Amino acid sequence: MGSVQDTSAVKISKGFKDTATIDMYLQFKNIVDTVQVDTTLTLKKEYKFNYLQQDNFNLISFANIGQTYNTLSFNSWDSNTSPLFGARARHFNYFEHDDINYYEVPTPWTRLTYKTAFEQGQLLDAFFTVNLSRQFNFSIAYKGLRSLGNYQNVLTSSGNFRFGSNYNSKNKKYNAKGYIVMQDLLNQENGGLETDDLDNFTSGDEEFLDRSVFDPAFEDAENILEGKRFYLEQSYALLQNKDSISNNSITLVNKISFEDKYYQYSQTTAATSFFGEAFTTSINDKVKLENFKTSLGLQYSNNIIGDVEFAINYSDINYGYNSLILFPTETITNRIQSNFLGLEGVYSKTYKGFNISGKGGLNLSDTFVGSYLDGSISLNLNDDIKVSGGISINSRLANYNYLLYQSDYLNYNWYNFDDFKNVNTQQVKFNFQSKKLFNVNLDLSNIDNYTYFNLEETLDGVNIIKPKQYNKPIQYLRLKLQKEIKVGNFALDNSIMYQNVVSDEDVLNVPALITRNTLYYSNQIFKKSMTLQTGVTFNYFSKYNMNGYDPLLAEFYTQNETKLGGFPRLDFFINAKVRQTRIFFKAEHFNSSFTGYDYFSAPNNPYRDFTIRFGLVWDFFL
């Protein structure tokens with residue numbers, strides 16, 4: 001590895017060697033998954049250079065950056081034993097616990113990420129980390145977005161503040177790491193295009209190419225998701241005994257987490273023609289969740305047995321509203337509260353080349369019944385081929401907004417805590433990875449008591465959306481193939497996914513086919529002082545009953561009236577890397593004007609038009 005910079009101009013943090021090299025800049029969630037900071041320019045960087053800063057192969061964005069995404073494929077299994085907070089359409093850019101990294105760096109490192117937005121705005125993510133000594137590191141970052149958008153009342157404004165730190169004592173017995181995350185994600189909402197205007201959009205009439213001339217369903221609503229999370233994890237080695245035969249260690253581990261978040265929908269004038277009758281002339285719905293969790297456990301490591309962790313945890317949950325809703329025949333309560341103990345465990349072992357791992361959790365509660373088990377095994381057949389497989393089981397309550405919801409709109413009030421059963425998911429998965437051959441990801445899921453929002457009916461233009469639970473099993477298959485073919489400086493990267501759902505009713509809708517194909521050229525030019533990458537990406541998914549979007553719930557719902565999809569999306573890009581700066585230039589959806597204006601991200605919500613975007617990622621190693 002080459003030096004980051006001439007060491008005569010670099011002040012190395014205490015405890016590091018004299019020369020700072022790029023492989024010394026590390027990021028990790030746990031010690032076992034430590035990776036070095038990556039400043040290269042690859043096709044994966046092109047796929048990840050977006051608002052979420054991750055590969056969005058299975059997502060399709062709405063027209064404005066910062067709006068939500070419709071999910072074309074989803075992982076039916078998760079490791080949660082308790083319900084999740086609602087408004088899931090607002091959570092794509094919400095930093096969860098697993099999104100937080102910790103760092104170790106020999107010199108201060110700064111990364112600036114910038115990208116243009118749509119009309120009067122930009123996206124900027126500024127990050128800084130430094131080791132004050134070899135033992136102590138802290139990092140601070142802020143991601144901000146503001147974008148007006150091309151349609152009326154779709155402004156987005158969001159901020160994600162992160163502060164993290166980790167400490168190791170010199171004798172390596174004590175370790176502490178923690179973070180603070182504060183986030184606010186605001187979206188103006190307009191309900192999409194009026195149904196009468198859909199023909200004006202799809203016809204390509206020049207009068208309507210200026211998207212601001214469309215009158216949406218309403219122009220005075222907004223929703224916001226705000227959250228704060230505080231996390232601390234500390235461990236102390238009670239026993240450290242290393243010799244040539246065995247490696248015995250016992251570590252005491254404590255974790256503490258507290259999250260406070262709320263979701264609010266406000267509207268100046270009740271849109272009764274869109275949502276139905278209301279209690280008041282203006283709308284102000286607000287729901288809050290306070291979630292505290294702590295655990296205490298032991299980790300035991302032994303060369304023969306492997307690594308074992310067992311812990312007992314305590315959770316205290318408070319979800320709800322500040323008032324009751326009284327109907328003539330029903331009272332909608334305002335709160336779901338509970339506190340309970342739980343158990344959790346982790347195991348890992350390497351045996352004769354096989355990597356065996358498993359983890360599980362269980363709530364010791366009669367009301368918040370929940371559990372999960374996840375086991376996997378992997379093997380490197382040679383330097384190129386890796387195979388892995390596993391089985392995962394989960395049982396938990398549906399998300400909170402399925403169980404309890406209140407609104408100033410009459411149609412959006414329900415209480416299902418006593419009626420809805422646990423959602424039970426079993427998943428079998430298999431993976432095959434080979435750079436020389438191809439990559440395969442296969443998973444098959446069985447879902448019982450699948451819970452979803454459903455379009456029950458449409459009365460006088462008002463969509464009646466209700467939470468539903470499907471009491472029959474669903475089988476869901478996903479098969480993804482990926483292969484890159486290289487010839488000289490040219491390459492063709494191909495990803496294709498096949499999906500199939502087996503159920504008696506159409507309650508889970510996904511496209512049968514999703515594909516992404518990128519033909520690109522890459523080379524080092526100007527005496528290898530610049531890396532150039534340019535090409536075209538083709539995205540496509542087959543027609544299906546695409547989920548609709550409800551702006552009040554900030555959720556997607558199942559509908560079986562409108563088939564959408566089947567339109568190509570072509571993007572042209574030119575990317576370059578000079579020293580530690582990566583520059584990205586993209587002409588997004590450049591085929592929009594000549595392949596037909598039939599592109600939608602959800603019913604009545606068009607996908608974005610042709611636009612030119614620019615951005616960069618700039619790394620400073622001081």
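From a predicted model like this one, the values you see are computed outputs, not experimental measurements.

Rules of the game
- Residues numbered from 1 in each chain as written.
- Predicted model: local features only at pLDDT ≥ 70, side-chain atom pairs only at ≥ 80, totals over all residues.
- Heavy atoms only, no water.
- Helix = DSSP H or I, 4+ residues; strand = E, 2+ residues; numbered from the N terminus.
- Rg over C-alpha atoms; globule rule 2.2 N^0.38 Å.
- Buried < 20%, exposed > 50% of the residue type's maximum accessible area, 1.4 Å probe, protein only.
- Contact = heavy atoms within 4.5 Å.
- Lys, Arg positive; Asp, Glu negative; His and termini not counted.
- Charge placed at Lys NZ, Arg CZ, Asp CG, Glu CD.
- 1 Å grid on protein atoms, 1.4 Å probe; cavity = no way out; pocket = protein on both sides within 12 Å on 5 of 7 lines; lining within 4 Å.
- Points joined across faces, edges and corners; volume = space filled by probe spheres on them.
- Pairing = 2+ DSSP bridges.

Helix and strand counts for the chain come out as four helices and 39 strands. Its C-alpha atoms give the chain a radius of gyration of 26 Å, within 12% of the compact-globule value 25 Å for 622 residues. By principal-axis analysis of the C-alpha atoms, the chain measures approximately 75 × 65 × 40 Å. Per-residue burial over the chain gives 50% buried out of 622 residues. Long-range contacts, defined as pairs at least 24 residues apart, comprise 64% of the intrachain contacts of the chain with a sequence gap of at least 6. Counting 57 positive and 66 negative side-chain charges, the chain places the centres of these two groups 13 Å from one another.

Turning our attention to the layout of surface pockets. By volume, the second largest pocket is sized at about 700 Å³. As for the second largest pocket, its lining consists of 35 residues, and the residues nearest its centre are Gly 191, Leu 193, Phe 274, Asn 463 and Asn 604. Every element with two or more residues in the lining of the second largest pocket is listed here: helix H3 (272–275), strand S25 (450–459), strand S26 (462–470), strand S32 (548–550) and strand S38 (605–606). Here the lining of the second largest pocket takes three residues from H3, the largest share from any one element.

Looking now at the sheet that holds strand S1 (residues 26–28). Read from one edge of the open sheet, three strands run S2-S1-S5, paired in antiparallel fashion. Pairing within the sheet leaves two strands with one partner each, and these edge strands are strand S2 (35–36) and strand S5 (102–104). One ladder, built from two bridges, connects S1 with S2; its direction is antiparallel. Across the sheet, residue Gln 27 finds its bridge partner in S2, namely Val 35.

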